[in-house]
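Remarks on the overall topology
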Amino acid sequence: MSLREALLTHNADLLPGRRDEDWRWTDLRGVLRPLPDMSTDLQGLTSRPDIEVLPGVIVRRHAAPVAGGVSDIELVVARGEVVLLLDAFEAGEGAYVRDAALPIRLEEGASLTRLVLAEDGADAVSVICSDVSLAAGATFHQTVIASGARRQRIETRVTHPGQGASVRLDGAYLLSGKRHADQTTRLDHTGPGGESRQLVRGVAADQSRGVFQGRIIVREGADGADARLTHNALMLSEKAEIDAKPELEIYADDVACAHGNTVGALDEEALFYACARGIPAPEARLMLIEAFIGEIVERIDEAVLQALARSFVATRLEALRG
Amino acid sequence: MLDIQNLQVCVADKPIIKGLSLQVPAGEVHAIMGPNGAGKSTLSYTLAGRNGYEVSGGSATLNGEDLLALDASARAARGVFLSFQYPLEIPGVPALTFVRTAMNAQRKARGEPEISAPDFLKRARAVAASLKMDMNMLKRGLNVGFSGGEKKRMEIFQMAMLEPRLLILDETDSGLDIDALKIVSEGVNALRAPDRAMLVITHYQRLLDYIRPDRVHVLAAGRIVASGGPELAQQLEREGYEKYETAA
Ligand SMILES: Nc1ncnc2c1ncn2[C@@H]1O[C@H](COP(=O)(O)OP(=O)(O)OP(=O)(O)O)[C@@H](O)[C@H]1O
Ligand SMILES: [Mg+2]
């Protein structure tokens, strides 16, 4: 069951839908009938993104397909190497459908800071999935910032070996109109003493819908794991929807795991406070939203990537004005 | 300057202010005292323009202009400043950023140019120094993790920066230690000017020893039930509100 198989075999019966537990909030069946053809230039093949190496940062630009498109690219960060990576998904025209698989392997002591900026068209269906494996002593810090699509899902599945490896999986979504964004993570602690941190924040305006599914699994033998997961969302309109499911599955001893989830409206009192100081309500609202999402941006520890994230967020905030 | 006539305000459909009249001429400081729940904060929120404070009758004007017709930010641009009884925390927005945003928004509303970053900083440093505040505090999220007294001092910092014309202080003295009370009062006194009016809400005579009011009013059950000179505050301190509560 996957969008990829459905596209490659042109068989809509293979699409994930509401009945699949893991896709119940991001139904593709209902929205992809009929299934689009693969873009003609690809003829059933998979494509690769454009890769550009800027000073200090590897940039992978993922252009949108014309119709249906499947793309693949693996990244291996070699032993001891330090890499900054930007995965920039660019919006295309109309009702395109993309499926991108971007596996990542970190060798011993390797370090990767990854920023995913996911921009898609309002009528698009976009599924981006990364399987990430870390060797001992590796560091993987990721921030995903998404603005949704008709259906957009960004999934990250991490295998965490413990043993001095460190993982941070942050995310933010800023949604307006009828956009939908799903951020799904699975963090598999397989070895002893692993630490992981996750903070995901989102805002949903108009009739948009934000989905967050965060699963942490601490396997037998992953004793002493320390995993924290927090999701906070703001609903900016009564017609917006947020669905969140943080999950912990623990099969080991002596673990410190915590998860938190809050969904609320903008703080009306703080809003009045700002207005009473002379800031007009629409600006005050944006200021509070920017501060809320700003915490995610500030956690990005590499200045180049932080600046890129900040400007992406600023552009999306403009769409929330009004 | 501030002219309130027969004001009536409902909160959640419950009448709280019931025909309140009050005039504060330019250059004067008036104190409002009154028992808990009398409607003092309700009056200040109403003047500041908070949603949910329904004016069902009467008027409030500032220099002849109808305040009640304006939204909260427009009132601030006209010079209304409320120092909150319980200042809010705004995580992620440093105090300096907040004040500069507010100042420039007010200037824009008045058709004035923005203040330059160096000019703003220079002024912020001077005001912070006069209130004995650490500049580092102004770089943290506004009021986040501040003590009650620090929040009150931050209110006065904002007031001094924004240079309003009508200053409403809602229990600015509560939560302040003795030294802070003195510093804050000096900050307020420094803002006394012939073109400014102040409304000082307090429960304690002590604040009025520092900020000498021209007039003292007693607010009980949604009305001004007595007015007098500074000696009225001393009398209240001795006798309490009992006789006004029965009168109202
Ligand atoms: N949102 C609300 N809903 C219902 N009643 C309210 C609301 N806000 C205030 N009130 C009521 O209005 C009355 C006046 O409250 P207000 O806060 O103005 O009193 P106050 O004079 O400032 O008292 P204090 O000295 O304790 O600060 C109180 O009886 C209070 O319970
Ligand atoms: Mg009060």
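Every chain's residues receive numbers from 1 upward, in the order its sequence appears when written. Throughout, the order in which chains and ligands are written sets their labels, letters from A for the former and numbers from 1 for the latter. Owing to the predicted nature of the model, reporting of local features is limited to residues with pLDDT of at least 70; listing and counting of side-chain atom pairs is limited to 80 or more, with chain, interface and lining totals taken over all residues. Side-chain metrics rest on all non-hydrogen atoms present in the structure, leaving aside hydrogens and water.

**Re the interface of chain B and chain A**
Working rule for contacts: check all heavy atoms of both residues, and any pair within 4.5 Å makes them a contact. Listed as interface residues are 28 residues of chain B and, on the opposing side, 14 residues of chain A. Any pair of nitrogen or oxygen atoms within 3.5 Å is treated as a polar contact; in protein, a donor-acceptor pairing is required on top of that, and neighbouring residues in sequence qualify only through side-chain atoms on both sides. Where chain B packs against chain A, one counts seven residue pairs in polar contact (both at pLDDT 80 or more). Here a helix means four or more residues in a row that DSSP labels H or I, a strand means two or more in a row labelled E, and each is numbered from the N terminus. The set of elements that each furnish at least two residues to the side of chain B that touches chain A consists of helix 1 (40–48), helix 2 (72–77), strand 6 (80–83), strand 7 (90–94), helix 3 (95–109) and helix 5 (148–162) of chain B. The element best represented in the side of chain B that touches chain A is helix 3 of chain B, accounting for five residues. Classification convention: Asp, Glu, Lys, Arg as charged; Ala, Val, Leu, Ile, Met, Phe, Trp, Tyr, Cys, Pro as nonpolar; all other residues, Gly among them, as polar. Here the side of chain B that touches chain A is composed, by residue class, of 18 nonpolar, eight polar and two charged.

**So, helix 1 of chain B**
Note on classification: 1.4 Å probe, protein chains only; a residue is buried when its accessible area is under 20% of the maximum for its type, exposed when over 50%, partly exposed between these limits. Judged by how many residues are buried, helix 1 of chain B sits mostly within the fold: nine of nine residues are covered. At the C-terminal side of helix 1 of chain B, Gly49(B) shows a positive phi close to 95 degrees.

**Observations concerning the coordination of the magnesium ion (ligand 2)**
Residues and elements named next belong to chain B. Only nitrogen, oxygen and sulfur atoms qualify as donors, provided they sit within 2.8 Å of the metal or within 3.2 Å for Na, K and Ca; with water excluded from the atoms, sites may seem incomplete. Here the magnesium ion (ligand 2) is held by the protein donor atoms Ser41 (OG) and Gln85 (OE1), which lie 2.0 to 2.2 Å from it. One end of the pair, Ser41, is in helix 1; the other, Gln85, is in the loop between strand 6 and strand 7, and 44 residues separate them in sequence. The exposure classification of Ser41 matches that of Gln85, with both residues buried.

**Some remarks on the packing of helix 4 (residues 117–130) of chain B against helix 5 of chain B**
Residue and element names in this part refer to chain B. Following both chains from N to C, one finds helix 4 and helix 5 inclined at 135 degrees, their axes separated by 10 Å at the closest point. Accordingly, the angle class assigned to the pair helix 4 and helix 5 is oblique. For the crossing formed where helix 4 meets helix 5, the hand is right-handed. Every residue of helix 5 that contacts helix 4 at Phe120, Arg123, Ala124, Val127 and Ala128 is listed here: Phe157, Ala160, Met161 and Leu162. Here the contact of helix 4 with helix 5 is composed, by residue class, of eight nonpolar, no polar and one charged. A fitted line through C-alpha atoms serves as each axis, taken over the contacting stretch for helices, and the angle formed by two N-to-C directions is quoted from 0 to 180°. Should an angle lie under 35 degrees it is considered roughly parallel, over 145 roughly antiparallel, and from 65 to 115 roughly perpendicular; all remaining angles are considered oblique. Helix crossings fall into two classes, left-handed where the near helix is turned counterclockwise from the far one by less than a right angle and right-handed where it is turned clockwise.

**Remarks on the nonpolar core**
Most often, soluble globular proteins keep nonpolar side chains buried together rather than apart. The nonpolar core is taken to be a set of buried Ala, Val, Leu, Ile, Met, Phe, Trp, Tyr and Cys residues, with the residues joined through side-chain atoms within 4.5 Å. Counting residues in hydrophobic clusters, the biggest one holds 124 residues, and the most contacted among them are Ile145(A), Ile4(B), Leu43(B), Phe98(B), Leu138(B) and Phe157(B). Broken down by element, this core gets its largest block of residues, 10 residues, from helix 3 (residues 281–298) of chain A. What Phe157(B) contacts, discounting residues up to four positions off in sequence, is Leu96(B), Val99(B), Ala124(B), Val127(B), Ala128(B), Leu131(B), Met133(B) and Leu138(B).

**Topic: the sheet that holds strand 18 (residues 256–264) of chain A**
What holds strands together in a sheet is hydrogen bonding between their backbones, with the strands either parallel or antiparallel. Residues and elements named next belong to chain A. Read from one edge of the open sheet, nine strands run 1-2-5-8-10-12-14-16-18, paired in mixed fashion. Unpaired on one side and paired on the other, strand 1 (50–54) and strand 18 mark the two borders of the sheet. On average, adjacent strands in this sheet sit at an angle of 10 degrees to one another, irrespective of strand direction. When DSSP finds at least two bridges between two strands, those strands are taken to pair. Inspection of the sheet shows strand 2 (residues 57–62) paired to strand 5 (residues 82–89) by five bridges, in the parallel sense. Note that in strand 5 the partner of His62 across the bridge is Phe89. Sheet contacts for helix 3: strand 10 (139–146), strand 12 (166–175), strand 14 (195–204) and strand 16 (226–235); angle to strand 14, the most-contacted strand, approximately 155 degrees. The strands touched by helix 4 (residues 303–320) within the sheet are strand 2, strand 5, strand 8 (111–118), strand 10, strand 12 and strand 14, with strand 8 carrying the most contacts at an inclination of about 20 degrees.

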